[in-house]
Amino acid sequence: MADKKIKTIGVLTSGGDAPGMNAAIRAVVRRGLSNGLNVKGIYKGYNGLLNEEIIDMTAKDVSDTIERGGTILYTARCLEFKTLEAQIRAAEICRKHGIDGLVVIGGDGSFAGAQALAAQGINTIGVPGTIDLDIACTEYTIGFDTAVNTAMEAIDKVRDTSTSHERCSIIEVMGRHAGYIALWCGIANGAEDILIPENYDYDEQRLVNNIIDSRKKGKRHHIIINAEGIGHSEAMARRLEAATGIETRATILGHMQRGGSPTCKDRVYASVMGAMAVDLLIQGKNCRVVGYRNGDFVDFDINEALAMQKKIPAYMQEVSDSLSHNYTKNTEDPEL
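Below: a short report on this structure. (Residues numbered from 1 in each chain as written. Predicted model: local features only at pLDDT ≥ 70, side-chain atom pairs only at ≥ 80, totals over all residues. Heavy atoms only, no water.)

### Examining the sheet that holds strand β8 (residues 222–227)
In plain terms, the rule: Strands are labelled as partners when DSSP assigns at least two bridges between them. Where helices and strands are cited, they refer to DSSP runs of H or I of at least four residues and of E of at least two residues respectively, numbered from the N terminus. Orientation is described by lines fitted to C-alpha atoms, with helices fitted over the stretch in contact, and by angles between N-to-C directions that extend from 0 to 180 degrees.
With parallel pairing, the 4 strands of this open sheet are ordered in space as β7-β8-β6-β9. The outermost strands of the open sheet, each flanked by one partner alone, are β7 (193–195) and β9 (248–252). Adjacent strand axes in the sheet meet at a mean angle of 15°, parallel and antiparallel pairs treated alike. Relative to β8, β7 runs parallel, the two sharing 3 bridges. Within the sheet, the bridge partner assigned to Asp193 lies in β8 and is Ile224.

Here it is, written out as structure tokens:
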């Protein structure tokens, strides 16, 4: 248990926004208040903390927010927070405002900030909020379910017009360092090719061959899902069209994947994670990350969580490949 009883907690959202963050904020505020705590909201992430953009929050402040995308506390990136000077000042500001514990909703970068604050004596709990699903300690991150469904629905629409015009379509989804959105959409949308940063070999001739082979087999469209981390979809489309003679268009879905009303899963899981973060602070725990594994909500040491590495499941990738129109099983590879 902590040396002193928690009386006031703060909550902030940091890094990229994700649908469901408001559900997590709402849960932190109401779980905290129901346990007799004071709750303070911090605007604009660590940047707002350094600028003391801190407000008292009531249950009414989070009414009618669970269905909203984005984050009512706003978010911003803060390079200054990587410095020790800024971290020390942030801890002093927390103490100045009586904040005994802080809930940080965000991704790995946000957790690194929470880790730094913990080193300065501020009790911190991280809640995974990122559409990229790239936090290794957890099987679920807030916002991924909504983002992947938004992308899936958009790709369905692009495929309709791609078929009508007998085109090849390159559809770029978010995922700078992680290909989970691309992989899930590739399977869900029946894409012919999926390009993800974890294993793309930049062999465009293979793509050219796949497009030509598909057309020979009577396929009237060819869908390529391209992760943001690979990018350059417009230039790629021009090269593929020149090589195949088949009209090729690029569609970049962009930040529409971050917005929109969160799915039921993102609302429910974010609510449970937010409440659990408050419970961990009340129990006197510090420097922890809330996660979801094997059907249960759990918590990890932040240091251990940040040291973990997440890989694309090889079997899921192989299944995706095997469902492609052009797939030929490699009998020489015993793993396939």
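Next, the rest of the story.
### Side note on the packing of aromatic side chains
So the rule is basically this: To pair, rings of Phe, Tyr and Trp, with the six-membered ring standing in for Trp, must have centres within 6.5 Å; the planes then decide the type, stacked if under 30 degrees apart, edge-to-face if over 60, and tilted in the middle. Buried means the residue's accessible area, taken with a 1.4 Å probe over protein chains only, is under 20% of the maximum for its type, while exposed means over 50%, and partly exposed covers the values in between.
What the rule picks out here adds up to 8 aromatic pairs. Considering the side-chain rings of Phe144 and Trp184, the 5.0 Å spacing of their centres and the 90° angle between planes classify their relative orientation as edge-to-face. Placement of Phe144 in helix α5 (residues 144–164) and of Trp184 in helix α6 (residues 180–188) is noted, with a sequence separation of 40 residues between them. Classification of Phe144 as buried rests on a relative accessible area of 5%.

### Let's talk about the sheet that holds strand β2 (residues 38–42)
Strands sit in the order β3-β2-β1-β4-β5-β10-β11 across an open sheet of 7 strands; the sheet is mixed. In this open sheet, the two edge strands, each paired with only one partner strand, are β3 (54–56) and β11 (296–301). Pairwise comparison of adjacent strand axes, ignoring direction, gives a mean angle of 25° for this sheet. With 6 bridges connecting them, strand β4 (residues 101–106) and strand β5 (residues 123–128) associate as parallel partners.

### What about the state of the cysteines?
Put simply, the rule is: Note on disulfides: each one is a pair of cysteine sulfur atoms within 2.5 Å.
Here the structure, examined in full by the defined rule, presents 0 disulfides. Summary of cysteine pairing: Cys137 is not part of a disulfide, and the nearest cysteine sulfur, belonging to Cys287, is at 12 Å. Taking relative accessible area as the criterion, Cys137 reaches 0% and is therefore assigned buried. Sulfur of Cys185: no disulfide; nearest cysteine sulfur belongs to Cys168 and is 17 Å away. Overall, Cys185 belongs to the buried group, its relative accessible area being 0%.

### Overview of the pattern of salt bridges
To keep things clear, this is the line we draw: Put simply, a salt bridge is a Lys or Arg side-chain nitrogen that is within 4 Å of an Asp or Glu carboxyl oxygen.
Throughout the structure, instances matching the rule amount to 15 salt bridges. Residues Lys44 and Glu53 are paired through a salt bridge, measuring 3.4 Å at the closest nitrogen-oxygen approach. With relative accessibility at 23%, the residue Glu53 sits in the partly exposed group. A salt bridge links Asp193 to Arg206, with the nearest nitrogen and oxygen atoms 3.4 Å apart. With Asp193 in strand β7 and Arg206 in helix α7 (residues 204–216), the pair connects residues that are 13 residues apart, well separated along the chain.

### Observations concerning the side chain of Asp266
For the record, the criterion: Within 3.5 Å is the distance limit for a polar contact, defined as a pair of N or O atoms, with the added protein rule that one can donate a hydrogen and the other accept it, and that residues adjacent in sequence qualify only through two side-chain atoms. Whether two residues are in contact is decided by their heavy atoms: any pair within 4.5 Å suffices.
For Asp266, the position within the fold is in helix α9 (residues 264–282). A distance of 2.5 Å separates the side chain of Asp266 from the side chain of Thr146, its partner in a polar contact. Setting aside residues up to four positions removed in sequence, Asp266 forms contacts with Pro19, Gly20, Tyr140, Thr141, Ile142, Gly143, Phe144, Asp145 and Thr146.

### Let's talk about the layout of surface pockets
If a probe the size of a water molecule is rolled over the atoms, the empty space left behind becomes visible. So the rule is basically this: Residues are called lining when one of their atoms sits within 4 Å of a cavity or pocket point, these points coming from a 1 Å grid over the protein atoms alone, where a cavity is a set in which a 1.4 Å probe fits but cannot get out and a pocket is an open set with protein on both sides within 12 Å along at least five of seven lines. Grid points are joined across faces, edges and corners, and a volume is the space filled by probe spheres set on the points. As a working rule, the residues Ala, Val, Leu, Ile, Met, Phe, Trp, Tyr, Cys and Pro are called nonpolar, Asp, Glu, Lys and Arg charged, and the rest polar, with Gly in that last group.
Taken as a whole, the largest pocket spans an internal volume of roughly 930 Å³. Broken down by element, the lining of the largest pocket gets its largest block of residues, 6 residues, from helix α4 (residues 108–119). The class makeup of the residues in the lining of the largest pocket is 11 nonpolar, 13 polar and 11 charged.

### Describing α4
Our working definition: A helix is expected to span 1.5 Å multiplied by its residue count minus one.
The terminal C-alpha atoms of α4 lie 17 Å apart, and with 12 residues this matches the ideal 16 Å at 1.5 Å per residue to within 8%. Listed in full, the buried residues belonging to α4 are Ser110, Phe111, Gly113, Ala114, Ala116, Leu117 and Ala118. Against the buried residues of α4 lie α2 (45–50), α3 (84–96), β4, β5, β10 (288–293) and α10 (302–307). A positive phi of about 95° marks Gly121, the residue just after α4.

### Considerations on α7
Put simply, the rule is: Working note: the arc is built from the helix axis to C-beta atom directions.
Here α7 contains 13 residues, and its C-alpha end-to-end distance of 19 Å stays within 8% of the 18 Å for a straight helix at 1.5 Å per residue. For α7, the complete set of buried residues consists of Glu204, Leu207, Val208, Asn210, Ile211 and Ser214. Relative to the axis of α7, the buried residues are bounded by an arc of 160° and lie together on one face. Where α7 is buried, its residues contact β6 (168–173), β7, β8 and α8 (233–244).

Bear in mind that shape data such as this cannot, by itself, settle questions of function.
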